[in-house]
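Each chain, letter by letter, is given below.
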Amino acid sequence: MRSMRSTGWAQSPARTRITAAAVTAVAVTCALTLAGCGSNSGGGAGGSDGAVTLGIVELNLSNPFFGTLEKATESAAKAKGWKVMKAEAKTPGDSATQVTAVENMINNKVKAIVLNPANPTALVDVVKKARDKGILVVTVNTNLTPIDAADGTFATDNVAAGKLIGQWAAASAPSSPRIGMLDFDLSDGAAGGRHNGFLEGYGTDVKSPLVAGTALTKGTVDTGQSAMENLLSAHPDINTVYTINEPTAHGAYTAIKNKGLAGKVSLVSVDGACTGVEDVKAGIIGATAMQFPSRMGQQAVEAVAAYLKDGTKPKSGLTDTGTVLITDKPVAGVESQTSTWGLENCWGTK
């Protein structure tokens with residue numbers, strides 16, 4: 001759902017994908033080519049002194065989800081006495097920067113790479129190159145296509161997350177439901193999974209007359225608002241809205257409120273950021289599926305540790321890091337937690 005923000009609501013997706021901050025040429029060179037740039041990155045990344053170096057390749061860190069994920073991964077690695085070599089994508093879908101980063105990590109002989117891929121297929125070849133060199137590569141947050149192109153994946157089961165909010169939306173639906181869907185690029189694994197899961201959980205499909213319309217967003221507040229304005233202009237009877245992530249939901253709510261429809265349109269989303277849970281508490285979002293980015297990073301590092309210890313590789317495919325429905329309007333048959341619990345367990349700035 002990539003896909004987001006540096007503070008407040010400047011966010012793109014689930015999982016959910018962002019407008020990049022300005023980066024100087026010097027900073028890019030530092031991030032991608034020098035293991036010694038930044039704090040505690042270490043000397044030769046291959047560990048010529050015998051130390052383990054872990055490569056971490058993230059999406060843009062102005063997104064607090066990705067920042068939380070990277071911090072958890074780095075902290076877990078350093079707790080084991082490892083060095084780290086880090087890089088991040090510059091824009092949504094920026095696989096080129098990530099490919100360059102992985103190439104540099106291969107050349108610097110890192111022992112393993114934790115990768116949050118910007119594109120499900122564009123990283124496959126370079127990941128194969130790394131694995132052929134004996135480097136363990138695990139993905140976090142989203143997977144490659146095919147999923148077994150990496151040694152393992154630690155992420156939210158986005159289909160399951162979508163099902164949760166779809167089930168809640170169906171149980172909460174008015175007598176004549178009309179659904180609007182605010183998506184992100186559906187070739188993205190997280191975005192496609194959430195979209196399909198929502199429809200499955202609701203018990204419908206995108207061709208159903210229940211679905212009034214769909215629109216693509218960039219997973220941000222601004223694009224959520226503009227897409228919702230367009231949908232409401234074309235389909236003023238929309239009363240249920242699926243959103244790829246909480247920033248999109250927040251923007252959509254502004255459009256709904258400006259149309260005088262606050263309280264008449266129900267919004268559901270995925271993320272579990274503290275700002276999003278606050279929107280659940282305020283009644284802006286009816287229900288959201290909370291993810292746990294810190295678990296992704298921590299479990300990825302444990303998988304690397306097991307591999308380095310005795311060659312044991314992680315389970316092929318997805319290791320689900322968990323999802324919890326957050327709502328203050330629980331429905332029968334759908335397990336959930338309140339916004340109070342959510343605020344105790346959310347990620348990002350409170």
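Remember, predicted model here, so these are calculated numbers, not experimental data.

Asks: Lay out the overall build of the protein with the relevant residues and their values.
Replies: Across its full length, the protein holds 11 helices and 12 strands. Here the protein holds 350 residues, and the buried ones make up 57% of them.

Asks: Describe the pairing of strand β7 (residues 211-216), naming the residues involved and giving the relevant values.
Replies: Pairing of strand β6 (residues 179-183) with β7, which is carried by five bridges, proceeds in the parallel orientation. Bridging across to β7, L182 finds its partner in A215. For the segment spanning β6, helix α6 (residues 189-202) and β7, crossover handedness is right-handed.

Asks: Describe the state of the cysteines, listing the residues and the values that go with them.
Replies: Taken as a whole, this structure holds one disulfide when the rule is applied. Each disulfide pairs two cysteine sulfurs, and for C274 the partner residue is C346, the sulfurs being separated by 2.0 Å. Judged by the sign of its S-S torsion, about 95°, the cystine formed by C274 and C346 is right-handed. Taken together, the residues C274 in helix α9 (residues 274-281) and C346 in the segment after α11 (339-345) connect sequence positions 72 residues apart. With relative accessibility at 14%, the residue C346 sits in the buried group.

Asks: Which residues make up the sheet that holds strand β12 (residues 324-327), and what values do they have?
Replies: The strand order across the open sheet formed by six strands is β7-β6-β8-β9-β10-β12, and the pairing between neighbours is mixed. The open sheet has two edge strands with one neighbour each: β7 and β12. Between one strand axis and the next, the sheet turns through 15° on average, direction left out of account. Where strand β10 (residues 287-290) meets β12, four bridges bridge the pair, whose relative direction is antiparallel.

Asks: Quick one: what's the story with the packing of helix α5 (residues 158-172) against α6, residue by residue and with numbers?
Replies: Look at α5 against α6: their axes get within 6 Å of each other, and the N-to-C directions meet at 35°. For the crossing formed where α5 meets α6, the hand is right-handed. Residue-level inspection shows N158, V159, G162, K163, I165, G166, Q167, A169 and A170 of α5 in contact with α6, the latter providing A190, G193, R194, G197, F198, E200, G201 and Y202. Of the residues assigned to the contact of α5 with α6, the class counts are seven nonpolar, seven polar and three charged.

Asks: I'd like to hear about the nonpolar core, residue by residue, with values.
Replies: Counting residues in hydrophobic clusters, the biggest one holds 28 residues, and the most contacted among them are L54, W82 and V140. Secondary-structure elements contributing two or more residues to this core are β1 (53-58), α2 (64-79), β3 (112-115), β4 (136-140) and α10 (293-310). Considering every element that reaches this core, the biggest residue donor is α10, with seven residues. What L54 contacts, discounting residues up to four positions off in sequence, is T73, A77, W82, K83, V84, M85, A112, I113, V114, V301 and V304. If you look at the next biggest cluster of nonpolar residues, it comprises 22 residues, including A169, V211, V270 and L325.

Asks: Could you give an account of the packing of helix α3 (residues 95-107) against helix α4 (residues 124-132), naming the residues involved and the relevant values?
Replies: Here α3 crosses α4 at 10°, and the two axes come no closer than 10 Å. Relative to α4, the element α3 lies roughly parallel. Across the interface between the two elements, V99, V102, E103 and I106 from α3 touch V126, K129 and A130 from α4. Taken together, the residues that form the contact of α3 with α4 break down as five nonpolar, no polar and two charged.

Asks: Explain the environment of G283 residue by residue, including any values.
Replies: Along the chain, the position of G283 falls in the loop between α9 and β10. With 20 residues separating them along the chain, G283 and G263 place their C-alpha atoms 8.3 Å apart.

Asks: Describe the environment of I284, and please don't skip the residues or the numbers.
Replies: Position of I284 relative to the elements: it lies in the loop between α9 and β10. Spatially, the C-alpha atoms of I284 and A262 are 8.4 Å apart, while their sequence positions differ by 22 residues.

Asks: Break down helix α7 (residues 221-234) for me, with residues and values.
Replies: For α7, which comprises 14 residues, the first-to-last C-alpha distance of 20 Å matches the rise-based estimate of 20 Å (1.5 Å per residue) to within 8%. Lining the buried residues of α7 we find β6, β7, β8 (240-243) and α8 (246-258).

Asks: Give a description of the sheet that holds β1 that names residues and reports values.
Replies: In a beta sheet, neighbouring strands are held together by backbone hydrogen bonds and run either parallel or antiparallel to one another. In space, the six strands of this open sheet follow the order β2-β1-β3-β4-β5-β11, with parallel pairing throughout. Each edge of the open sheet carries a strand with a single partner, namely β2 (83-88) and β11 (318-320). Ignoring which end each strand starts from, the neighbouring axes of this sheet average 20° apart. For strand β5 (residues 152-155) and β11, the ladder comprises three bridges, and the chain directions are parallel. In the strand pairing of β11, F154 is matched with T319. Along the sheet face, α3 touches β1, β2 and β3 and points at about 175° away from the line of β1.

Asks: Give a description of the packing of aromatic side chains that names residues and reports values.
Replies: Taken as a whole and assessed by the stated rule, the structure comprises four aromatic pairs. Pairing F65 with W347 gives two aromatic rings, centres 5.0 Å apart and planes at 80°, and the pair type is edge-to-face. With F65 in helix α2 and W347 in the segment after α11, this residue pair connects regions lying 282 residues apart in the sequence. Each of the two residues, F65 as well as W347, counts as buried. Feature note: the residues F65, F66 and W347 constitute an aromatic cluster, connected by ring pairs. Lying over the aromatic face of F292, R295 brings its terminal NZ or CZ to 3.9 Å of the ring centre.

Cut-offs applied
Residues numbered from 1 in each chain as written. Predicted model: local features only at pLDDT ≥ 70, side-chain atom pairs only at ≥ 80, totals over all residues. Heavy atoms only, no water. Helix = DSSP H or I, 4+ residues; strand = E, 2+ residues; numbered from the N terminus. Buried < 20%, exposed > 50% of the residue type's maximum accessible area, 1.4 Å probe, protein only. Pairing = 2+ DSSP bridges. Right-handed = clockwise from strand over helix to strand, strands pointing away. Disulfide = S-S within 2.5 Å. Axes fitted to C-alpha atoms, helices over the stretch in contact; angles between N-to-C directions. Left-handed = near helix turned anticlockwise from the far one by under 90°. Contact = heavy atoms within 4.5 Å. Nonpolar A, V, L, I, M, F, W, Y, C, P; charged D, E, K, R; others polar. Core = buried A, V, L, I, M, F, W, Y, C linked by side-chain atoms within 4.5 Å. Parallel < 35°, antiparallel > 145°, perpendicular 65-115°, else oblique. Expected span 1.5 Å × (residues − 1). Phe/Tyr/Trp six-rings, centres within 6.5 Å; stacked < 30°, edge-to-face > 60°. Lys NZ or Arg CZ within 6 Å of the ring centre and 35° of its normal.

The quantities given are spatial measurements derived from coordinates; they are silent on function.
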